[in-house]
Amino acid sequence: MTDVNTNEPGILWMPEKATRHSPRFQKIKICIFLSGLSVFGQLYLFQPLLATVAHYFATSVGNSSLLVSSATIGMALGLFFFGLKADEFSRRKLMSFALITSAILTLVSFTIHSLPLLIGIGVLKGFVLAGVSSVALAYLTEEVELSVVGLAISMYLNGNTIGGMSGRMLTTIFAGLLGWQVAVLLIGVESLLLGLIFWKFFPESHFFEPRPTPLASKFRQMTDFVRDPWMLRLYGIGALLMGTFVSVYNYLTLRLEQAPFSLSHFWIACIFLMYAFGVIGAIIARKLSERYELPQVLRGFILVLLSGVGLLIFDNLALTLAGLGLLTLAFFAAHTMVSRMVAIYGSAGKSAATSLYWLFYYAGSGVLGSFFGYLLPGTSWAIFVLLLMILILLAFLLSLFKAPMT
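Notes on the structure in this doc start here. Keep in mind that this is a model prediction, so the values were computed, not measured.

### Notes on the overall build of the protein
Reasoning step 1: Across its full length, the protein carries 17 helices and two strands.
Reasoning step 2: Taking all 406 residues of the protein together, 57% fall into the buried category.
Reasoning step 3: A separation threshold of at least 6 residues defines the contact pool for the protein, and within that pool the share at least 24 residues apart is 83%.
Reasoning step 4: Entry remark: accessible area of the protein is about 16,200 Å², with carbon and sulfur atoms responsible for 69%.
Reasoning step 5: Counting 25 positive and 17 negative side-chain charges, the protein places the centres of these two groups 4 Å from one another.

Pasting the structure below:
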C-alpha cells in the first residue's frame, strides 16, 4: 500500500477499500464486467461454429472442436505461468495488455485459412487471456470492501455469462448470413473496443504493488494448495462442472440441427439466450449465500444441475429447453460459489489460489470438451448424457466435506 500526499503539508492520504456507493467501486464494477464480456466472448468464439468450420475445412467435428479446446488449454497453460509471475506485474496493466492483445489475435484469426494454424492462434489467445483470469478475483478481494466482494465477483462472472451469450448468438447469426470469417472479425472489433475502454477507466491498485516473487515461493504456495484436501476438491468440482457445461453447449447445437428437432440456424442461435439464466443463477447464489453456508448452497445447485442435464436425454424440445435453462442457471450459481470459496479460503496466496482454480476449470473444459467431441459420433446421445450425469455426481461427492474455519 502506498501513501499519497494531500494538498495540505504533513497530511497523508490513506487509501480505503472501495465501498458499494463509491465512484471507485462503480468504475471497478463496470470495467470488471466488460473484461468478463471480452474473455468469454473470445474464448468460446468457435463453439457454435463447429459444424460450419468442419464443413469449411473438410474435417470432422471432433477436429473442429479443437478450436474451442485449444483456447481453453492455452488458458490453462497461461494460468500456470501467470500463477507464478502475475505478482510481478501491475494488475491493471496486465489485464489491459491481455484484453487488447487477445482482441488483435482474434482479428488476425479471420484471415487464416489453415485449421492447424487457427488452432495454434487459439492456444496463444487463451494463454494471453489468462492474464485477466489469473488476477481478476485477486484484484477484487484486495481492492473491494469485504461486504461487496461477492457483488464484484458476480459482476465479473455475469460479464462472462453475457459475453458468452451475446458472442455465441452474434457468431451463429452472422456466420449463417455472411460466413464464419466475418463473424470472427466482428467479435474481434468488439473485443478491441472493450479492451480500450478497460485500459482507459479501470482503477490502479491501492493495496497491491508489483514485486519480484521467487519461483520457489510460488511453487510452494501452489503445492500447498494442491495438497490441501479442501482446495483440491474445489478445483476438482470446477473442472468437472465446467467440462460438463462446455460439452453440452458444444454438441447440443449439432443435435438440434438433426431430427427430431431439425431447427433452423436462427432458432439454434436463440438457445444461447439461455445464458440469461446464468445471470439469474449467480444472483440467486449470492442471495442464498447471505443466509446459508457456502458449501450447502453449492451442493444444492449441483443437484439442480444434475436434474437439468437429465432432461436433455428426451427427444422433446420443451424438456430440452427446460433442461438447458436449469443446467445454465445451476452451473453459473455453482461456479459463483466455488470461485468465492477459492478466493476466501486461498487468502494466504490469492493469485496462486485463483490461478490454480482457473487452471483446473479450463483444463476440464478443454479435455472433456474434446473427449466428448471424439466419443459422441461413435455412441448415442443418451450415453453422452448419462456420462455427463456421472461427472456431476462425482462433483457432488467432492462437495460433501466440512468447510475449514476462517
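After that view of the structure, there is still more to cover.
### Re the environment of Val135
Reasoning step 1: Topologically, Val135 is positioned in the loop between helix H6 (115-133) and helix H7 (136-143).
Reasoning step 2: Residue Val135 is classed as buried on the basis of its relative accessible area, which comes to 0%.
Reasoning step 3: Separated by 204 residues in the primary sequence, Val135 and Ser339 have C-alpha atoms spaced 13 Å apart.
Reasoning step 4: Not counting the four nearest positions on each side in its chain, Val135 is found in contact with Ala86, Arg91, Leu94 and Met95.

### Section: the layout of surface pockets
Reasoning step 1: The computed volume of the second largest pocket comes to approximately 270 Å³.
Reasoning step 2: Around the second largest pocket, the lining residues are Val61, Tyr251, Leu254, Arg255, Gln258, Ala259, Gly373, Leu376, Pro377, Thr379, Ser380 and Trp381.
Reasoning step 3: Ranked by the residues each element gives to the lining of the second largest pocket, the list is headed by helix H11 (residues 229-257), at three residues.
Reasoning step 4: Split by residue class, the lining of the second largest pocket holds seven nonpolar, four polar and one charged.

### Let's talk about empty space enclosed by the protein
Reasoning step 1: Under the defined criterion, the tally for this structure stands at three cavities of 30 Å³ or more.
Reasoning step 2: The wall of the largest cavity is formed by 13 residues, among which Pro48, Thr253, Glu257, His265 and Ile268 lie closest to the centre.
Reasoning step 3: A breakdown of the residues in the lining of the largest cavity according to their chemical character gives seven nonpolar, five polar and one charged.
Reasoning step 4: Considering the residues around the second largest cavity, the lining is formed by Gln42, Leu43, Leu45, Phe46, Leu67, Ser70, Ala71, Ser109, Leu118, Ile121, Gly122 and Lys125.
Reasoning step 5: Put simply, the parts of the chain that give the lining of the second largest cavity at least two residues each are helix H1 (23-43), helix H4 (66-85) and H6.
Reasoning step 6: Here the lining of the second largest cavity gets four residues from one element, more than from any other, and that element is H6.

### Observations regarding helix H8 (residues 149-178)
Reasoning step 1: The terminal C-alpha atoms of H8, which comprises 30 residues, lie 42 Å apart, in line with the 44 Å expected from a rise of 1.5 Å per residue.
Reasoning step 2: The element H8 is largely enclosed, with a buried count of 22 among its 30 residues.
Reasoning step 3: Just past H8, the residue Gly179 takes up positive phi, approximately 105 degrees.

### Examining the pattern of salt bridges
Reasoning step 1: Considering all chains together, one arrives at six salt bridges under this definition.
Reasoning step 2: Overlapping salt bridges, with partners in common, bring together Asp87, Arg91 and Glu142 in one network.

### Things to note about the packing of aromatic side chains
Reasoning step 1: Counted under the stated rule, the structure contains 32 aromatic pairs.
Reasoning step 2: With a centroid separation of 5.1 Å and an interplanar angle of 70 degrees, the aromatic rings of Phe371 and Phe372 are classed as edge-to-face.
Reasoning step 3: Under the relative-accessibility criterion, Phe371 is labelled partly exposed at 45%.
Reasoning step 4: Note on Phe372: relative accessible area 2%, which makes it buried.
Reasoning step 5: Through successive ring pairs, a cluster of aromatic residues spans Tyr156, Phe245, Tyr249, Phe272, Tyr275, Phe331, Phe332, Tyr357, Trp358, Tyr361 and Tyr362.
Reasoning step 6: Across the ring face of Phe207, the terminal group of Lys17 is positioned such that the distance to the ring centre comes to 5.8 Å.

### Structural notes on the packing of helix H14 (residues 294-311) against helix H15 (residues 317-345)
The relative placement of two packed helices is expressed as an angle between their axes plus a distance between the axes.
Reasoning step 1: Look at H14 against H15: their axes get within 7 Å of each other, and the N-to-C directions meet at 155 degrees. In terms of orientation, H14 and H15 fall into the roughly antiparallel class. Handedness of the crossing formed by H14 with H15: left-handed.
Reasoning step 2: Residues of the contact of H14 with H15, tallied by class, amount to 22 nonpolar, four polar and one charged.

### Some thoughts on the nonpolar core
Generally speaking, nonpolar side chains in soluble globular proteins are found buried as a group.
Reasoning step 1: Of all hydrophobic cores here, the largest spans 131 residues; its most connected members are Phe46, Leu140, Trp180, Met242, Phe245, Trp358 and Tyr362.
Reasoning step 2: Of all the elements, H11 adds the most residues to this core, at 16 residues.
Reasoning step 3: Once you skip the residues sitting within four places of it in the chain, Phe245 turns out to touch Tyr275, Leu327, Thr328, Phe331 and Phe332.

Definitions and cut-offs
- Residues numbered from 1 in each chain as written.
- Predicted model: local features only at pLDDT ≥ 70, side-chain atom pairs only at ≥ 80, totals over all residues.
- Heavy atoms only, no water.
- Helix = DSSP H or I, 4+ residues; strand = E, 2+ residues; numbered from the N terminus.
- Buried < 20%, exposed > 50% of the residue type's maximum accessible area, 1.4 Å probe, protein only.
- Contact = heavy atoms within 4.5 Å.
- Areas by Shrake-Rupley, 256 points an atom, 1.4 Å probe, with all protein chains shown as cover.
- Lys, Arg positive; Asp, Glu negative; His and termini not counted.
- Charge placed at Lys NZ, Arg CZ, Asp CG, Glu CD.
- 1 Å grid on protein atoms, 1.4 Å probe; cavity = no way out; pocket = protein on both sides within 12 Å on 5 of 7 lines; lining within 4 Å.
- Points joined across faces, edges and corners; volume = space filled by probe spheres on them.
- Nonpolar A, V, L, I, M, F, W, Y, C, P; charged D, E, K, R; others polar.
- Expected span 1.5 Å × (residues − 1).
- Salt bridge = Lys/Arg side-chain N within 4 Å of Asp/Glu carboxyl O.
- Phe/Tyr/Trp six-rings, centres within 6.5 Å; stacked < 30°, edge-to-face > 60°.
- Lys NZ or Arg CZ within 6 Å of the ring centre and 35° of its normal.
- Axes fitted to C-alpha atoms, helices over the stretch in contact; angles between N-to-C directions.
- Parallel < 35°, antiparallel > 145°, perpendicular 65-115°, else oblique.
- Left-handed = near helix turned anticlockwise from the far one by under 90°.
- Core = buried A, V, L, I, M, F, W, Y, C linked by side-chain atoms within 4.5 Å.

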